[in-house]
Amino acid sequence: MQESNIKEIEKKWLEYWDGEGIYRFNSNSGKRIFSIDTPPPTLSGKMHMGHAFSYSQEDFIARYKRMSGFEVFYPFGTDDNGLPTERLIEKLKNVKSKLMPRHEFVELCLRTLEEVTPGFVHDWKSLGISCDYGIYYSTIGENSRRISQKSFLELYEKGLIYKEDFPTIYCPECQTPIAQAELEDKQKSTFFSTLRFKVGREDLPIATTRPELLGACVAVFVNPQDKRYKEFVRKKARVPLFEHEVPIMADESANVEKGTGVLMVCSYGDKYDVDAIKRHKLEPRVIFNNNGTLKIEPYEGLSIKKAREKILEDLKVKKLIIEQKEIEHSVNVHDKCGTEIEFLPVEQWFVKILDKKSELIKQGKKINWMPKHMFKRYENWIKGLEWDWSISRDRYFGVPIPIWSCKKCKEIILADESELPVDPINVKKFCKKCKKEAEPERKVLDTWATSSLTPQITASLVGNRVRIPFSLRPQAHDIIRTWAFYTIVKSYLHENEVPWNNIAISGFLTLQGEKMSKSKGNVVAPQRIINSYGADSLRYLSASSKLGEDRDFIEADVVAGKKFVTKILNAANFVFMNLEYQEKMPAKLVETDRLFLTRLNNLIADVTEAFENYDYARAKIETDNFFWKVFADNYLEIVKGRVYNGNEEEKASAFYALYQGLLVILKLIAPITPFVAEEIYQKHFRKYEEGNSIHLEKWPKKIGVRELRHDEKVWDKFIEIIAKVRQAKSESKKAMNSSVFLAITREEMKELKDVLADLKSVTNAKEIKEGKFDVRVS
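J.: Mind showing me how you'd approach the packing of aromatic side chains here?
T.: Ring pairs (aromatic) are described by centroid distance and by the angle formed between their planes. Inspection of the entire model under this criterion finds 45 aromatic pairs. Relative to Phe627, the ring of Phe564 lies with its centre 5.3 Å away and its plane at 75°, an arrangement referred to as edge-to-face. Of the two residues, Phe564 is situated in helix H15 (residues 555-578) and Phe627 in helix H17 (residues 616-645); the sequence distance between them amounts to 63 residues. For Phe564, a relative accessible area of 1% puts it in the buried group. A network of ring pairs unites the aromatic residues Tyr540, Phe564, Phe596, Phe626, Phe627, Trp628, Phe631, Tyr635, Trp715 and Phe718 as a single cluster. Across from the ring centre of Trp17, 5.3 Å away, lies the NZ or CZ of Arg63, which sits over that ring.

Structure, rendered in structure tokens:
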């Protein structure tokens, strides 16, 4: 099939689905509702291959449920709130947010989103994602801001939100605090240097990978069991280069086996430093600015990286490095920009979660995780939590925190619910106690604080006629620790309920074993694949791996999808070239047709079971195999003789089985390849069927044919003999329509007695004799 034909088919049915409202949600239909908490893709320019892979997989389920009789609530949203969008606008408009007044930058963001969102959403439509695009939300939209701010106020009034000036995880590139869930591990090479601290005239060797923190050193720890350093405890150590003295303390956090066994405590190198300084009530020496530069002479103004290089150089010149080696080690980076994080004391807002670990694990156990082992990731994440949820960000673009505070008496003033959504910067408030003008909160909420409310946001769009728990949350495994976890947190804190009954976790589409990434240059654009092979072919690839499984992108898999599309179109054209519609099953079915329909019934049962278990990969394999191996390669060839030359009764039987067989195959594959299924349905079946789209047709049920114990055995033997005859013709280099003399065993003759006429026809046998199996090609 020509590429232009694929494009025309897809364009035609996209317009039809949209115009006819095929996927429109109707809460008054009387059907059971299947509600999907659709992942809002981050508005980053264009759909990427990971989107295409995972959204196709959730759409397989949505389409199956719709055909199974459910009213499917499948809204669409975009995540255009926070840092990724801020970065996109800066790039598109060549501006810097920090160099603009906040209100001007926010207005620019909102205007730009209006420009780029329709094109972004079009990619999802082009892939055949069957959302109701009329139920749309943006995580920065007015309704989302209102719900997010209301959530903040409710949790604050419940005593679950607090503000604290505390050393916390901080990204110097993005210049904002971040949450533990936003950290990723990255392997980096660095120098592990053993430095010469002085205790009086004696050397005290301390090994570190972070010499730039020497100016921030506030203490030195040695393990109380370490006899090497027992005499140094309660003395002072002089810090190299900076020459200030710090106490030497006995503390079990010093690892005897690591480095020299002596630990440098700085403000702040990591979470252990934060803990150590707090436990021993040490006075911090903070030497980093929020923009990732040093504020201590003589390195003031240097970036952390440059300061590290210069300090190592100065240490070397002054012979203060005892030993040095290059190592590979794992560091925490911000998942949004890849920058190594720091710990800086900044004022921020937190949601209390550390005291609720066991309850949150219990909530997770109430949800059906698919695949099951993904629950372990959720549980392990909670068990490893060390911080409450940091929900404030020092950014311009985001949902403002609806709070004012009085500088004089520290009174907190909450926005009234009727004011929401509100930006405190634009509204004056006065303290009721001291009558002074209150200070507006300038921080915005972390994007996850809003995205964690997607069930509540989408339900509000239909007047809350859909409620939590939703039926399904589909998402990728890399955001279990963020989107899944935080949504469970919010639903628990607000409603003491799970947000959904089921969660389906997709894997990654990789390239040569690696996750696709622009920075690595290993991306495949889904737009190119759709343009070259069609959306159905890309969806066909996406159905090739199970939930939770990563799969390597191989273009040959997409080619296989295109071959399927071409073959089923041709098969449909052949079937209807000569078919006369049979509304009812004939009183007498030819035995071959009855056997074929029993095989079709088995397929219906297998595929239905697979979809019920969210195993769309098995559903696709079963349907694909049946179409090629049973229907196209064999059954069509078997019935050709009767279609062309049979009597009226034989033709009627063949027509009925062909019609039912192709219609069932179409319905079973429709969730995977919706465009070609719709094309064939509309062209050939619509005039005989009730639905104005195959996607609104009823899911197939077993056809009422008589089934016998040996049906499968008879069918398999029938196909086996056909295959042997074809092989004999190939080996003899004869055409498939060459005539043969065929001998089969007495047992086979008895077993196949009711299908011998069709066996003779399909093999073009001049005669079929009883005897030792033999094929003689004439």
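J.: Before we go on, may I ask you to explain the pattern of salt bridges in this structure?
T.: For side chains bearing opposite charge, pairing can occur when the charged atoms are close. Within the structure shown, the criterion is met by 50 salt bridges. Notably, a salt bridge pairs Glu212 with Arg308, separated by 2.9 Å at the nearest N-O pair. With Glu212 in the loop between strand S8 (202-208) and strand S9 (217-222) and Arg308 in helix H7 (residues 304-317), this pair connects stretches of sequence that are 96 residues apart. Accessibility classification places Glu212 together with Arg308 in one group, the buried group. Of the charged contacts in the structure, one is a salt bridge between Asp394 and Lys443, with a shortest N-O distance of 2.7 Å. With Asp394 in the loop between strand S17 (392-393) and strand S18 (403-405) and Lys443 in the loop between strand S20 (439-440) and strand S21 (444-445), this pair connects stretches of sequence that are 49 residues apart.

J.: What am I meant to see in the environment of Val676 here?
T.: Summarising the element assignment, Val676 is placed in helix H19 (residues 674-685). Given the relative accessible area of 3%, Val676 is considered buried. Along the sequence, Val676 and Phe564 sit 112 residues apart, while their C-alpha atoms lie 9.7 Å from each other. For Val676, the contacting residues outside a window of four places in its chain are Asp536, Val565, Ile568 and Leu569.

J.: Can you help me understand the layout of surface pockets in this one?
T.: Empty space left among the atoms is revealed by rolling a probe the size of a water molecule over them. Volume-wise, the second largest pocket comes out at about 850 Å³. In terms of lining residues, the second largest pocket is bounded by 32 residues, among which Lys667, Glu689, Glu697, Lys698 and Trp699 are the most central. Mapped by element, the contributors of at least two residues to the lining of the second largest pocket are helix H2 (49-67), strand S2 (71-73) and helix H18 (648-669). No other element matches H18, which puts 5 residues into the lining of the second largest pocket. When grouped by side-chain class, the residues that make up the lining of the second largest pocket number 14 nonpolar, 7 polar and 11 charged.

J.: Please clarify how the side chain of Ser130 should be interpreted in this entry.
T.: Looking at the secondary structure, you find Ser130 in the loop between helix H4 (102-126) and strand S4 (132-138). For Ser130, the side chain forms a polar contact with the side chain of Asp59, separated by 2.7 Å. Setting aside its immediate chain neighbours within four residues, Ser130 contacts Tyr23, Asp59, Ala62, Arg63, Arg66 and Tyr74.

J.: Before we go on, may I ask you to explain the packing of H15 against H18 in this structure?
T.: Geometrically, a packed helix pair is captured by the angle between its two axes and the distance between the axes. Between H15 and H18, the least distance of the axes is 11 Å, while the angle of their chain directions is 155°. Judged by the angle between their axes, H15 and H18 are roughly antiparallel. When the axes of H15 and H18 are compared, the crossing they make is left-handed. On H18, the residues that touch Phe564, Ile568, Ala572, Val575, Phe576 and Asn578 of H15 are Phe655, Leu658, Tyr659, Leu662, Ile665, Leu666 and Ile669.

J.: Where do I start with helix H8 (residues 357-365) in this structure?
T.: Given 3.6 residues per turn, any residue in an α-helix points the same way as the ones three and four places further on. Among the residues making up H8, those that are buried are Leu360, Ile361, Gln363 and Gly364. Buried residues of H8, seen end-on, are gathered within an arc of 155° and therefore sit on one face of the element. Residues of H8 that are exposed and point over 90 degrees away from its buried face: Lys362 and Lys365. On the buried face of H8, the contacting elements are strand S15 (368-370), helix H9 (374-383) and helix H12 (480-495).

J.: Sorry, what's going on with the packing of H17 against H18 here?
T.: In contact at an axis separation of 10 Å, H17 and H18 are set at 160° when each is read in the N-to-C sense. It follows that H17 is roughly antiparallel to H18 by the angle criterion. Here H17 and H18 pass one another in a crossing that is left-handed. Across the interface between the two elements, Thr623, Phe626, Phe627, Phe631, Tyr635, Leu636, Val639, Arg642, Val643 and Tyr644 of H17 pack against Glu650, Lys651, Ser653, Ala654, Phe655, Ala657, Leu658, Gly661, Leu662, Ile665, Leu668 and Ile669 of H18.

About the thresholds
Residues numbered from 1 in each chain as written. Predicted model: local features only at pLDDT ≥ 70, side-chain atom pairs only at ≥ 80, totals over all residues. Heavy atoms only, no water. Phe/Tyr/Trp six-rings, centres within 6.5 Å; stacked < 30°, edge-to-face > 60°. Helix = DSSP H or I, 4+ residues; strand = E, 2+ residues; numbered from the N terminus. Buried < 20%, exposed > 50% of the residue type's maximum accessible area, 1.4 Å probe, protein only. Lys NZ or Arg CZ within 6 Å of the ring centre and 35° of its normal. Salt bridge = Lys/Arg side-chain N within 4 Å of Asp/Glu carboxyl O. Contact = heavy atoms within 4.5 Å. 1 Å grid on protein atoms, 1.4 Å probe; cavity = no way out; pocket = protein on both sides within 12 Å on 5 of 7 lines; lining within 4 Å. Points joined across faces, edges and corners; volume = space filled by probe spheres on them. Nonpolar A, V, L, I, M, F, W, Y, C, P; charged D, E, K, R; others polar. Polar contact = N/O pair within 3.5 Å; in protein donor to acceptor, adjacent residues only side chain to side chain. Axes fitted to C-alpha atoms, helices over the stretch in contact; angles between N-to-C directions. Parallel < 35°, antiparallel > 145°, perpendicular 65-115°, else oblique. Left-handed = near helix turned anticlockwise from the far one by under 90°. Arc of directions from axis to C-beta.

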